[in-house]
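# Fold and contact review
Spelled out from the first residue to the last, the chains are:
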6 protein chains.
Amino acid sequence: MLNPQIDVYMGCDCPFEQAETVLFGAPFDSTTSNRPGTRFGPSALRRESYGLELYSPYQDRDLSDCAVLDSGDLELSMGSSELALADIEARAEEILSAGKRPFLIGGEHLVTLGAFRAVHRKYPDVAIIHFDAHTDLREDYLGVPLSHACVIRRCWELTGDGKIFQFGIRSGDRAEWRWGKDHVTCHPFDLEGLEDVVKRLGDAPVYFTVDLDVMDPSVFPGTGTPEPGGVSFDALRRAVTLVCSRCNVVGCDVNELCPPFDQSGVSNAVAAKVVREMLLALSGGN
Amino acid sequence: MLNPQIDVYMGCDCPFEQAETVLFGAPFDSTTSNRPGTRFGPSALRRESYGLELYSPYQDRDLSDCAVLDSGDLELSMGSSELALADIEARAEEILSAGKRPFLIGGEHLVTLGAFRAVHRKYPDVAIIHFDAHTDLREDYLGVPLSHACVIRRCWELTGDGKIFQFGIRSGDRAEWRWGKDHVTCHPFDLEGLEDVVKRLGDAPVYFTVDLDVMDPSVFPGTGTPEPGGVSFDALRRAVTLVCSRCNVVGCDVNELCPPFDQSGVSNAVAAKVVREMLLALSGGN
Amino acid sequence: MLNPQIDVYMGCDCPFEQAETVLFGAPFDSTTSNRPGTRFGPSALRRESYGLELYSPYQDRDLSDCAVLDSGDLELSMGSSELALADIEARAEEILSAGKRPFLIGGEHLVTLGAFRAVHRKYPDVAIIHFDAHTDLREDYLGVPLSHACVIRRCWELTGDGKIFQFGIRSGDRAEWRWGKDHVTCHPFDLEGLEDVVKRLGDAPVYFTVDLDVMDPSVFPGTGTPEPGGVSFDALRRAVTLVCSRCNVVGCDVNELCPPFDQSGVSNAVAAKVVREMLLALSGGN
Amino acid sequence: MLNPQIDVYMGCDCPFEQAETVLFGAPFDSTTSNRPGTRFGPSALRRESYGLELYSPYQDRDLSDCAVLDSGDLELSMGSSELALADIEARAEEILSAGKRPFLIGGEHLVTLGAFRAVHRKYPDVAIIHFDAHTDLREDYLGVPLSHACVIRRCWELTGDGKIFQFGIRSGDRAEWRWGKDHVTCHPFDLEGLEDVVKRLGDAPVYFTVDLDVMDPSVFPGTGTPEPGGVSFDALRRAVTLVCSRCNVVGCDVNELCPPFDQSGVSNAVAAKVVREMLLALSGGN
Amino acid sequence: MLNPQIDVYMGCDCPFEQAETVLFGAPFDSTTSNRPGTRFGPSALRRESYGLELYSPYQDRDLSDCAVLDSGDLELSMGSSELALADIEARAEEILSAGKRPFLIGGEHLVTLGAFRAVHRKYPDVAIIHFDAHTDLREDYLGVPLSHACVIRRCWELTGDGKIFQFGIRSGDRAEWRWGKDHVTCHPFDLEGLEDVVKRLGDAPVYFTVDLDVMDPSVFPGTGTPEPGGVSFDALRRAVTLVCSRCNVVGCDVNELCPPFDQSGVSNAVAAKVVREMLLALSGGN
Amino acid sequence: MLNPQIDVYMGCDCPFEQAETVLFGAPFDSTTSNRPGTRFGPSALRRESYGLELYSPYQDRDLSDCAVLDSGDLELSMGSSELALADIEARAEEILSAGKRPFLIGGEHLVTLGAFRAVHRKYPDVAIIHFDAHTDLREDYLGVPLSHACVIRRCWELTGDGKIFQFGIRSGDRAEWRWGKDHVTCHPFDLEGLEDVVKRLGDAPVYFTVDLDVMDPSVFPGTGTPEPGGVSFDALRRAVTLVCSRCNVVGCDVNELCPPFDQSGVSNAVAAKVVREMLLALSGGN
């Protein structure tokens with residue numbers, strides 16, 4: 001059920017029937033292995049959006065021209081990943097079956113699996129563009145297969161080889177990196193090569209998952225597992241604009257904002273601005 | 001010389017064979033419904049212990065005279081309460097079967113269930129003295145029965161009526177309070193009546209569980225769900241000394257220290273001092 | 001106009017027509033002379049309310065039985081006290097003219113003046129019960145008469161002598177204290193004498209204004225001007241319950257929660273619980 | 001009047017009569033619409049200056065060779081922008097009429113208007129070089145024309161078209177951007193094009209206003225409205241050195257340092273170093 | 001030499017010649033064994049004083065009637081206790097030889113030794129009233145005799161037995177407590193018995209040293225070694241008023257405020273108010 | 001199973017006899033002149049290492065293949081630099097005489113002197129590669145020669161001219177910079193020229209000292225004296241990899257991590273990752 005305490009992203013009050021994109025939040029972090037708190041991400045991101053403007057001078061577009069609804073947060077069951085994922089999947093399903101694009105705000109990265117299950121059912125040959133600091137390709141983490149550290153591996157079990165394109169990856173254990181070489185396409189360290197992948201994907205349906213820790217912790221300290229050496233805000237901004245305006249994005253998510261670990265609030269603003277640029281690019285096409 | 005501090009409570013380096021009490025930590029908080037972070041409690045509590053002294057002028061006793069081992073933290077599986085509880089239960093079992101008293105440091109309050117399962121198996125008629133701000137008597141929380149908000153209810157399923165004595169309780173939903181009236185003995189708001197309960201229990205085996213949020217948040221802000229109106233440090237100190245020196249405590253725990261929400265570090269010091277007074281009282285008897 | 005970003009106090013979703021009490025927030029702090037940030041108070045208080053329960057064991061009542069609407073925050077003009085006060089007054093007027101009780105959540109203490117103007121127009125002989133650490137009786141503050149430091153003086157200009165009853169006051173300059181002796185009834189330092197005042201007021205209309213800094217900063221550090229030596233949470237809880245259940249409270253407010261200066265979040269929880277106890281007592285009578 | 005509690009920028013103790021540049025602080029933030037606290041900027045910036053050195057290896061100059069007085073902070077009336085601006089204007093006037101250069105430290109950006117009014121009276125054809133993340137070109141903000149969000153628009157009312165050169169701008173609503181196209185020269189996103197403007201201005205009198213949020217929030221998180229995508233410290237350092245050493249700067253200011261939102265203190269150090277480089281460049285010429 | 005960066009306690013600007021009491025700060029913490037940062041205490045305490053009022057309703061006195069000078073901070077040599085103590089001693093000597101009362105603001109507790117050496121030279125039979133959580137009676141700390149943990153032991157070497165009266169002590173190792181029994185008068189845990197000591201001391205010269213950690217950490221979290229179980233602000237306020245108004249206080253200090261560990265700023269306010277009440281009581285007699 | 005984490009850097013549990021490199025910590029900061037707290041650096045760095053992986057994709061190496069022991073922290077005497085340096089020197093001596101490489105984790109930069117004394121005794125012609133924001137070349141600091149601000153000067157007294165190569169320096173007083181020109185090789189502002197120095201040094205023994213404040217404070221805010229304008233994490237990562245893989249590093253240290261001033265914890269992660277890359281490069285050679 002939807003949580004009655006609603007924080008809405010600025011300007012995203014399009015009626016459901018007319019909305020092309022529907023935001024929803026998944027405040028869940030039960031499997032986080034390092035620093036918890038991404039449960040507070042979805043509401044912090046929205047509140048901070050009011051410190052920004054509807055208008056983007058980068059794209060010369062304005063959110064007031066876009067058909068987006070922010071439908072609030074799911075109320076998820078802490079301590080039960082299966083229940084939480086089922087609720088997320090059901091919500092994404094609901095949005096997809098109405099012909100709209102689900103845009104999930106996490107939460108820890110595991111939430112992606114819920115949305116992706118629904119997207120994959122509708123688009124069985126969907127590809128994944130994955131921005132992250134971490135490979136997230138483990139078979140299990142301390143015996144737990146439904147873990148944030150395994151989420152892309154779980155997605156791969158649905159897509160099979162050749163469908164997952166990773167960017168910005170700079171951490172993982174040796175086994176993950178080796179496994180990844182055979183099963184996914186990994187562009188390590190930065191976002192180089194994205195334009196080629198976007199071209200190659202053409203009109204194919206794409207699920208776009210953005211773990212915000214792909215950015216350097218200087219830019220985005222408010223995350224569970226800060227990994228030095230990431231990309232700048234401007235690099236990420238350009239990259240998400242590219243994917244969202246040029247690919248056929250049928251579902252997407254932004255995750256791993258962990259507000260308690262950035263008391264300056266800057267990480268919230270960064271996350272909010274990434275979402276604004278994505279929404280504007282999704283609405284505009286190329 | 002090399003510093004002996006290795007995330008071990010000060011002075012608790014008695015060899016296992018000679019130890020009467022064995023500390024172990026359960027850094028787990030996957031079911032926390034409000035503010036997570038108690039996973040950092042066990043190590044923060046120990047590190048802060050070095051700001052205190054081994055000697056207590058309240059009891060005129062010294063930890064160096066006590067037979068206590070701090071055996072470190074369990075490595076628990078975030079996101080799987082069943083796996084985590086099984087590991088905790090196994091560790092408590094190990095300590096109990098060696099004829100020693102397990103002293104668990106949480107972590108969220110759910111960890112109590114793991115230790116109590118082992119204690120209850122050895123002492124089927126064990127009573128529970130429960131200090132807390134919250135009743136923790138829910139049947140389930142958003143569909144999850146293994147939740148910190150249900151932990152005393154889960155214990156009651158083992159003990160049955162008349163075995164659980166609550167103190168300091170000042171929060172819960174109406175249904176919990178009503179259910180509690182029929183099944184447990186609740187002393188709300190403060191620690192009044194404890195002396196009577198201690199007398200009544202005599203030599204019966206007691207499991208003593210201390211949710212540190214029984215203290216007022218002014219004294220102990222570093223906890224997941226601060227509940228104004230609690231007891232003072234001195235009141236708690238006297239009460240834990242009473243229970244630990246006069247009851248037959250066969251197992252105990254201290255939980256719900258959430259360090260990220262108290263950057264002054266005072267909550268760590270408070271928790272560490274509560275543990276010191278408990279250890280000294282357990283070692284001394286009356 | 002009402003700010004579209006709505007955070008609602010738990011359980012306060014009674015339709016306007018049926019509500020007896022209507023909450024509204026005034027996120028304003030332009031005249032704060034020490035540490036600003038009470039603008040974030042109204043939304044922080046509501047969000048934190050979800051960490052509490054609807055049920056109060058102190059009063060054995062439940063918010064689900066009360067007719068309260070939380071109508072959200074006003075969007076106020078920072079930098080213009082006159083515009084802000086006019087908006088607050090208009091909203092209070094609206095609530096009063098529908099026969100309901102306005103319950104204002106600040107913001108700095110100046111916001112009281114807006115609500116009180118409307119209340120005083122409807123109830124010209126209304127008395128004021130004022131809980132605070134500071135006298136707030138200055139003629140002006142650095143040349144500014146519409147200042148948080150002058151708000152009770154501004155109210156006195158409406159009520160005249162003998163209508164204002166202060167409790168808990170422990171700070172002010174010498175001139176204020178001397179002026180106060182002739183014009184208001186001041187019970188300094190604590191809440192002693194409240195029962196007598198409540199009896200004396202009988203059924204007379206009362207405006208009840210609670211500056212939360214009446215509490216000691218150990219209990220409530222998140223405020224603009226912390227003043228050591230205040231009352232405990234329990235003392236305040238009992239006092240607000242007394243006023244709200246026994247007096248004819250025709251309007252009230254709670255103010256001066258300044259979240260940025262208490263990163264533990266405890267002050268938010270304290271403020272939220274004070275509001276819960278007030279709402280329950282207002283709904284029940286004695 | 002000058003506030004007796006004086007924090008002085010390191011090494012800026014030249015007697016008034018001999019000073020070429022006179023620093024003064026304006027701790028004012030009543031119109032801040034997002035996160036307040038820039039009132040603490042002027043004193044935090046000075047205190048942090050003692051963590052730096054008088055000597056700059058970038059310019060190979062030393063503050064001990066410069067004729068600068070830091071004359072302390074104005075005591076401003078919170079809640080009254082008109083009173084505050086009048087005090088700032090009077091102080092700038094005093095400095096200008098003694099033939100010296102006023103260097104204002106804010107506070108929120110609105111304070112610029114006070115100093116600029118005095119500068120513009122003495123130099124009616126003065127140009128403005130404006131570094132900022134935000135356009136600050138609104139006609140009014142929620143009905144308030146004297147707002148930080150309108151300050152450059154207020155300055156434009158004095159200068160008319162063609163006199164204002166903006167750099168680094170990356171935020172504003174659509175209407176502001178469109179209005180700006182016709183009335184000011186805007187170099188968006190970064191500091192490109194500055195050298196050309198500096199050349200074009202030649203010996204014309206210039207007022208230089210630096211909103212520190214022109215820097216990226218990773219570099220400068222301690223500000224009221226963090227706007228991701230800004231310039232680096234080194235880019236800003238080079239740019240302020242260029243303007244201050246090559247232009248005829250007749251007045252300047254640095255503003256929008258908001259210390260409470262950067263508890264690392266780094267933003268204070270960044271602001272202090274920007275001021276040092278400006279002071280050294282102003283004293284040296286090219 | 002005096003540090004040119006002066007923060008002055010509110011209202012303490014009496015010319016040196018006419019001053020009865022002279023404040024000076026000793027921002028030193030090189031021997032702190034737990035959490036450093038008391039070097040920031042003296043300036044934080046002064047800045048926060050401006051959030052209070054000159055007038056005390058407790059004593060009905062006003063600082064504007066008192067003859068007090070705040071002469072600023074010493075610039076002390078970090079890393080050399082001997083140099084620092086020599087500078088403190090010289091400054092106290094200077095004040096004493098002008099017939100005034102030195103009032104030292106620390107810094108860590110070791111600074112007391114500098115001031116006390118000067119006081120003891122002038123008043124060889126001076127007694128010490130010592131408020132603290134810790135005994136501070138160690139012979140040395142890890143081989144260092146000039147340590148905060150040994151400061152009262154060093155003073156005892158000057159006074160001999162029977163001259164030191166401790167209150168509020170609740171921590172120390174067993175050896176310290178035992179040594180103390182034979183050499184000093186210790187009133188553990190609280191401030192009981194103070195009135196008797198004050199009477200007994202009559203007109204004898206008294207040095208009064210207040211380690212602010214005598215207060216409970218809930219009241220005063222901003223200190224190097226928080227020790228739960230201390231006294232309330234009001235208890236301390238009454239006690240310092242008693243000593244300062246009734247004893248012949250020839251020198252005094254307030255120390256161990258460590259601002260970085262209390263980001264709420266409340267500890268600064270508490271310390272500032274303790275100093276105000278001491279200054280007013282010293283100025284008034286009984 | 002019991003968690004092996006005992007304040008030891010991840011994966012560094014090689015037995016002493018087989019270790020090539022031996023880590024040890026020096027939690028000392030008594031001479032810090034600005035913001036203290038680097039005493040907490042060694043343990044924070046280790047704990048944070050568990051948020052990283054043993055494997056580095058940059059070098060394609062894994063710590064599990066390296067022969068490194070982390071032997072824990074020294075217990076040092078706060079307030080006595082001589083005692084502390086003696087203990088550090090003795091420990092380095094012990095490691096060197098066993099034919100291993102000492103790797104010191106500070107603590108303030110003064111600790112380098114202890115380790116370097118031992119290294120210089122064994123390798124009298126050792127060169128120093130020094131990364132830092134500050135020259136550290138003062139003769140003394142406020143009369144104290146054993147100060148963090150003088151540490152490289154103290155080292156120069158051992159090496160003489162021509163042996164010290166500085167990189168990244170951007171702060172110092174004018175006298176230091178001038179003195180440095182004659183006695184050391186300084187590459188200011190960044191890490192340019194390192195490759196040439198590495199080539200020139202060939203197989204000569206090198207002591208490598210990394211003051212982490214060489215990085216920009218946006219990347220590394222948790223340090224005692226943040227100095228804007230530093231290098232990025234990636235620049236530092238590449239540079240330390242170059243030195244450690246190509247030079248004959250006979251001893252090294254990483255220092256000036258000050259955790260209390262970065263509550264996001266990012267600085268801890270950055271420091272931990274720098275150490276990992278150094279360890280991997282040291283173990284691999286070229």
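Our subject is the structure that appears above.
Here's a quick rundown of the structure. Keep in mind the model is a prediction, meaning the values are calculated, not measured.

Quick notes on the rules
Note on numbering: residues in each chain are counted from 1, in written sequence order. Whichever chain is written first is A, and whichever ligand is written first is 1; the rest continue in order. Note on the predicted model: pLDDT of at least 70 is required for a residue's local features to be given, and 80 or more for side-chain atom pairs to be given and counted; whole-chain, interface and lining totals, by contrast, use all residues. Computation of side-chain values covers all heavy atoms of the structure but excludes hydrogens and water. Note on geometry: axes are lines fitted to C-alpha atoms, helical ones only across the stretch in contact, with angles between N-to-C directions running from 0 to 180 degrees. Counting from the N terminus, the helices are DSSP H or I runs at least four residues long and the strands are E runs at least two residues long. Roughly parallel refers to an angle under 35 degrees, roughly antiparallel to one over 145, roughly perpendicular to one between 65 and 115, and oblique to any angle outside these ranges. Crossings are classed by handedness, with left-handed meaning an anticlockwise turn of the near helix from the far one by less than a right angle and right-handed meaning a clockwise turn. Residues count as neighbours in contact if any of their non-hydrogen atoms are within 4.5 Å of one another. Categorising residues by exposure relies on relative accessible area from a 1.4 Å probe, with only protein chains included: less than 20% of the type maximum marks a residue as buried, more than 50% marks it as exposed, and the intermediate range marks it as partly exposed. For the purposes of these results, a polar contact is taken to be a pair of N or O atoms within 3.5 Å, where, inside protein, one atom must be able to donate a hydrogen and its partner to accept one; residues adjacent in sequence count only when each atom of the pair is a side-chain atom. Strands are labelled as partners when DSSP assigns at least two bridges between them. Superposition of the copies was done by least squares, using only C-alpha atoms of residues whose pLDDT is at least 70 in both. The term buried area means the drop in 1.4 Å probe accessible area that two parts suffer when joined, counted for both and summed. The term salt bridge refers to a pairing of a side-chain nitrogen on Lys or Arg with a carboxyl oxygen on Asp or Glu at a separation within 4 Å. Throughout, the ten residues Ala, Val, Leu, Ile, Met, Phe, Trp, Tyr, Cys and Pro are labelled nonpolar, Asp, Glu, Lys and Arg are labelled charged, and all others, Gly among them, are labelled polar. Pairing of aromatic side chains here covers Phe, Tyr and the six-membered ring of Trp, requires ring centres within 6.5 Å, and sorts the geometry by plane angle: under 30 degrees stacked, over 60 edge-to-face, intermediate tilted. Cation placement over rings: the criterion is NZ of Lys or CZ of Arg within 6 Å of the ring centroid and within 35° of the ring normal.

The subject of this paragraph is the packing of helix α7 (residues 233–246) of chain D against helix α8 (residues 266–284) of chain D. Residues and elements named next belong to chain D. Relative orientation of the contacting elements α7 and α8 amounts to 25 degrees, with a least axis distance of 8 Å. Considered as vectors, α7 and α8 are oriented roughly parallel to each other. Two packed elements cross with a definite hand, and for α7 against α8 that hand is right-handed. Between α7 and α8, the residues in contact are Phe233, Leu236, Arg237, Val240, Thr241, Cys244 and Ser245 and Val270, Lys273, Val274, Glu277, Met278, Ala281 and Leu282, respectively.

Attention now moves to the side chain of A:Asp29. With respect to the helices, strands and loops of the structure, A:Asp29 is situated in the loop between β1 (21–26) and α1 (41–49). Classification of A:Asp29 by relative accessible area gives buried; the value is 1%. Only 2.7 Å separates the side chain of A:Asp29 from the side chain of A:Arg39, close enough to count as a polar contact. In this view, A:Asp29 contacts A:Pro36, A:Gly37, A:Thr38, A:Arg39, A:Met78, A:Glu108 and B:Pro36; residues no more than four positions away in its chain are not counted.

With that out of the way, let us pick up the pairing of strand β1 (residues 21–26) of chain C. Residues and elements named next belong to chain C. By the criterion of burial, β1 is predominantly enclosed, with six of the six residues buried. Both faces of β1 are covered, namely the face carrying Thr21, Leu23 and Gly25 and the face carrying Val22, Phe24 and Ala26. Relative to strand β4 (residues 68–73), β1 is paired through four bridges, and the arrangement is parallel. Of the residues in β4, the one forming a bridge with Leu23 is Asp70.

Here the focus is the relation of the copies chain D and chain C. Related by rotation about an axis and a shift along that axis, the two copies of the chain form a pair. Expressed as a screw operation, the relation of chain D to chain C combines 0.0 Å of axial shift with a rotation of 180 degrees, fitting to an RMSD of 0.0 Å. In the structure described here, the two chain copies are related by an operation that fits a two-fold rotation axis. Taking C-alpha positions as the reference, the residue of chain D nearest the rotation axis is D:Ser30, at 2.2 Å. A share of 100% of the interface residues of chain D reappears at the interface of chain C, consistent with the copies meeting face to face through the same patch.

If you look at the interface, chain C gives 21 residues, while chain E gives 22 residues. Interface area, chain C with chain E, both sides summed: about 1,700 Å², of which 53% is carbon and sulfur. On the chain C side of the interface with chain E, the three residues burying the most area are C:Arg174, C:Phe189 and C:Pro228, jointly 31% of the side's total. Put simply, chain C and chain E have four salt bridges between them. We note a salt bridge from E:Glu53 to C:Arg138, for which the minimum N-O separation is 2.7 Å. Applying the counting rule to chain C against chain E returns five residue pairs in polar contact (both at pLDDT 80 or more).

Think of a sheet as strands paired side by side through backbone hydrogen bonds, with each pair either parallel or antiparallel. Residue and element names in this part refer to chain A. Spatially, eight strands are ordered β4-β1-β5-β10-β9-β6-β7-β8 in an open sheet, and the strand pairing comes out parallel. Both edges of this open sheet fall to β4 (68–73) and β8 (185–188), since each of them pairs with a single strand only. Neighbour-to-neighbour, the strand axes of the sheet open up by a mean angle of 15 degrees, direction not taken into account. Sitting on the sheet, helix α4 (residues 151–159) touches β6 (127–131), β7 (164–169) and β9 (205–211), and the angle it makes with β7 is about 160 degrees.

Attention now moves to the interface of chain D and chain C. Each partner contributes residues to the interface: chain D has 25 residues there, and chain C has 25 residues. For the pair chain D and chain C, the summed buried surface comes to about 1,700 Å²; carbon and sulfur atoms form 58% of the total. On the chain D side of the contact with chain C, D:Pro36, D:Arg39 and D:Leu142 bury the most area, a combined 27% of that side's loss. The interface formed by chain D and chain C holds zero salt bridges in total. Where chain D touches chain C, the interface holds 10 residue pairs in polar contact (both at pLDDT 80 or more). Its residues assigned to classes, the side of chain D that touches chain C shows nine nonpolar, 12 polar and four charged.

Residues and elements named next belong to chain B. One open sheet accounts for eight strands, arranged β4-β1-β5-β10-β9-β6-β7-β8; its pairing is parallel. Each edge of the open sheet is held by one strand with a lone partner, namely β4 (68–73) and β8 (185–188). Within the sheet, the average angular offset between the axes of one strand and its neighbour, ignoring direction, is 15 degrees. Here strand β6 (residues 127–131) pairs with strand β7 (residues 164–169) via four bridges, running parallel. Counted as the bridge partner of Ile129 is Phe165 from β7. Packed onto the sheet, helix α4 (residues 151–159) meets β6, β7 and β9 (205–211) and runs at close to 160 degrees relative to β7. Running over the sheet, helix α6 (residues 194–201) touches β6, β7, β8 and β9 and is turned about 165 degrees from β7.

Glancing now at the arrangement of the chains. Structurally, chain B and chain D remain out of contact, their C-alpha atoms never closer than 12 Å. For chain A and chain E, which are not in contact, the least C-alpha distance works out to 12 Å.

A full pass over the atoms with the stated rule returns 108 salt bridges over all chains. Among the salt bridges present, the one from C:Arg91 reaches C:Glu94, with a minimum N-O distance of 3.3 Å. Of this pair, C:Arg91 and C:Glu94 both sit in helix α2 (residues 81–97), three residues apart, roughly one helical turn. Through salt bridges with shared partners, a single ionic network connects A:Glu53, D:Arg138, D:Asp173 and D:Glu176.

All names here are of chain D. Axis separation between helix α2 (residues 81–97) and helix α3 (residues 111–122) bottoms out at 7 Å; the angle between their running directions is 40 degrees. In terms of orientation, α2 and α3 fall into the oblique class. Helix-helix and strand crossings are classified by hand; for α2 and α3 the assignment is right-handed. Residue-level contacts link Glu82, Leu85, Ile88, Glu89, Ala92, Glu93 and Leu96 of α2 to Val111, Leu113, Gly114, Ala115, Arg117, Ala118, Val119, Arg121 and Lys122 of α3. Residues that form the contact of α2 with α3 fall into these classes: nine nonpolar, one polar and six charged.

With eight of nine residues buried, helix α1 (residues 41–49) of chain D lies mostly within the body of the structure. Looking only at α1(D), the buried set comprises D:Gly41, D:Pro42, D:Ser43, D:Ala44, D:Leu45, D:Arg46, D:Glu48 and D:Ser49.

Here the focus is helix α5 (residues 174–183) of chain C. Along an α-helix, a turn takes 3.6 residues, which lines up residues three or four apart on a common side. Listed in full, the buried residues belonging to α5(C) are C:Arg174, C:Glu176, C:Trp177, C:Trp179, C:Gly180 and C:His183. Elements in contact with the buried residues of α5(C): α4 (151–159), β7 (164–169) and β8 (185–188) of chain C together with β2 (55–56) and β3 (61–62) of chain E.

This part takes up the pairing of strand β7 (residues 164–169) of chain F. In regular strands, side chains alternate between the two faces of the sheet. All names here are of chain F. In terms of burial, β7 is largely enclosed, as six of its six residues are buried. In this structure, β7 lies alongside strand β8 (residues 185–188), joined through four bridges in parallel fashion. The partner of Ile169 across the bridge, within β8, is Pro188.

To continue, consider the packing of aromatic side chains. All names here are of chain A. Using the criterion set out here, one finds 36 aromatic pairs over all chains in the structure. Aromatic side chains Phe116 and Tyr207 sit 5.5 Å apart centroid to centroid with 75 degrees between the ring planes, which places their arrangement in the edge-to-face category. One end of the pair, Phe116, is in helix α3 (residues 111–122); the other, Tyr207, is in strand β9, and 91 residues separate them in sequence. Both residues of the pair, Phe116 and Tyr207, count as buried. If you follow Arg35 out to its NZ or CZ, it ends over the ring of Phe261, 4.1 Å from the centre. Over the aromatic face of Phe16 sits the side chain of Lys100, whose NZ or CZ is 5.4 Å from the ring centroid.

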